[in-house]
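# Commentary on secondary and tertiary structure
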Amino acid sequence: MAEDALIKYYESIINNLIENKFAIADGFFSGEEVNLLRNNLMQKYEADIFKKSAIGNKDDAIIVTGIRGDFILWLDEQHLDAVEQIYFNKVNNFIAYLNRTCFLGLVDGEFHYALYPNNTFYKRHLDVFQKDSRRMLSVIFYLNDDDWQTADGGELVIYLPKPETEEAVVVHPLGGRMVIFNSRELEHEVKFVHRPRKSITGWLRTR
Ligand SMILES: O=C(O)CCC(=O)C(=O)O
Ligand SMILES: [Fe+2]
């Protein structure tokens, strides 16, 4: 994307985020980048280095079955492969723009690959934990195949508090799409998955 187009793209994400506490951005990664990232994810998944997900943050996690069924692998920013380098170049560019324009004071991020096998889900939850409230924004990048269908399930549902009620926003996990939302306020869930669902999930943190 040309520099001015990229700034417009970022600005529309940020405007949505400020107005609605969440934003959906299609095409954050190109089809080619999604293919590279998905192949990378699958290689590592097949090499059996993913772990059953747990509840909690990276350093303090407990495994609770019945809440979430995904398998994850944390990305190590000190040891990135070539494809992950592409990922971080793009993501860090966006984070730098967020910090420059919104003064959010984001100091670091933590990111993991996630694969939800068939028949798994992640029950409604909030992404911050009592011991670590530094997570400010949750970001998810979907790496699913082009032909992902509604029938494949795995929708992300974000619950927006409204006076005396709430609104449920349904997001289909389409390849290349980024979703970003306020980690401290918005509860969300991943609906039952009928086809392996692939993504990179991250949290942008304050001090
Ligand atoms: O993959 C998604 O759409 C959401 C994942 C999620 O809520 C989480 O990992 O905390
Ligand atoms: Fe979450």
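Within every chain, residues take consecutive numbers counted from 1 along the sequence as written. Ligands are numbered from 1 and chains lettered from A, in the order in which they are written. Confidence filtering applies because this is a predicted model: local features only for residues at pLDDT of at least 70, side-chain atom pairs given and counted only at 80 or more, and all residues used for totals across whole chains, interfaces and linings. Each side-chain value is derived from all of the structure's non-hydrogen atoms; neither hydrogens nor water enter the calculation.

Per an unreviewed UniProt entry, the chain goes by 2OG-Fe(II) oxygenase and derives from Flavobacterium agricola. UniProt positions are given in the numbering used here, feature names are shortened, and annotations may be inferred rather than shown by experiment. According to its UniProt record, the chain has this under Cofactor (unreviewed entry): "L-ascorbate".

Taking 1.5 Å per residue as the helical rise, helix 3 (residues 82-102) with its 21 residues ought to reach 30 Å, and the 30 Å between its terminal C-alpha atoms agrees with that figure. Buried within helix 3 are the following residues: Val 83, Glu 84, Tyr 87, Phe 88, Val 91, Phe 94, Ile 95, Tyr 97 and Leu 98. In the core, the buried residues of helix 3 are packed alongside helix 1 (3-20), helix 2 (31-46), strand 6 (108-116), strand 8 (135-142), strand 11 (178-182) and strand 13 (197-205). Where helix 3 starts, the residue carrying a side-chain oxygen 3.1 Å from the main-chain nitrogen of Val 83 turns out to be Asp 81. Labels follow the DSSP assignment, with helices taken as runs of H or I lasting at least four residues and strands as runs of E lasting at least two, numbered in each case from the N terminus. Positive phi shows up at Phe 103, right after helix 3, with a value of about 50 degrees. A helix's residues, less one, multiplied by 1.5 Å, set its expected span. Each residue's exposure class comes from its accessible area (1.4 Å probe, protein chains only) as a fraction of the maximum for that residue type: buried when under 20%, exposed when over 50%, partly exposed otherwise. Working rule for contacts: check all heavy atoms of both residues, and any pair within 4.5 Å makes them a contact. Think of a polar contact as two N or O atoms within 3.5 Å of one another; within protein, one of them needs to be a possible hydrogen donor and the other a possible acceptor, and neighboring residues in sequence only count if both atoms come from side chains.

So, about the coordination of the iron ion (ligand 2). Think of the donor list as every N, O and S atom within 2.8 Å of the metal, or within 3.2 Å for Na, K and Ca; water never makes the list, so a site can look incomplete. Coordination sphere of the iron ion (ligand 2), protein contribution only: His 125 (NE2), Asp 127 (OD) and His 188 (NE2), at 2.0 to 2.2 Å. All donors of the iron ion (ligand 2) belong to a single chain; written as a sequence motif, their spacing is H-x1-D-x60-H. For the pair His 125 and Asp 127, one class covers both residues: buried.

What follows is about the layout of surface pockets. As a volume, the second largest pocket reaches approximately 190 Å³. The way it works is a 1 Å grid over only the protein atoms, where trapped points that fit a 1.4 Å probe form a cavity and open points with protein on both sides within 12 Å along at least five of seven lines form a pocket, and then any residue with an atom within 4 Å of a point lines it. What lines the second largest pocket is simply Ile 14, Leu 17, Ile 18, Lys 21, Leu 98, Cys 102, Leu 104, Met 136, Leu 137, Asn 182 and Arg 184. When contributions to the lining of the second largest pocket are tallied by element, the ones reaching two or more residues are helix 1, helix 3 and strand 8. Considering each element in turn, the lining of the second largest pocket owes the most residues, three residues, to helix 1. Grid points are joined across faces, edges and corners, and a volume is the space filled by probe spheres set on the points.

Another point: the packing of helix 1 against helix 3. Here the axes come from fitting lines to C-alpha atoms, over the contacting stretch only for helices, and the angles between their N-to-C directions go from 0 to 180 degrees. The geometry of helix 1 relative to helix 3 is characterised by a closest axis approach of 11 Å and an angle of 60 degrees between their N-to-C directions. Pair helix 1 / helix 3 crosses with right-handed handedness. Touching Leu 6, Ile 7, Tyr 10, Glu 11, Ile 13, Ile 14 and Leu 17 of helix 1 are Lys 90, Asn 93, Phe 94, Tyr 97, Leu 98, Thr 101 and Cys 102, all from helix 3. Taken together, the residues that form the contact of helix 1 with helix 3 break down as ten nonpolar, two polar and two charged. Handedness of a helix crossing follows the sense of rotation of the near helix relative to the far helix, less than a right angle counterclockwise being left-handed and clockwise being right-handed. Amino acids are sorted into nonpolar (Ala, Val, Leu, Ile, Met, Phe, Trp, Tyr, Cys and Pro), charged (Asp, Glu, Lys and Arg) and polar (every other residue, Gly among them).

A separate point is unusual backbone geometry. Phi is positive for Phe 103, close to 50 degrees, though the residue is something other than glycine. If you trace the backbone, Phe 103 turns up in the loop between helix 3 and strand 6. For Phe 103, a relative accessible area of 71% translates into the label exposed.

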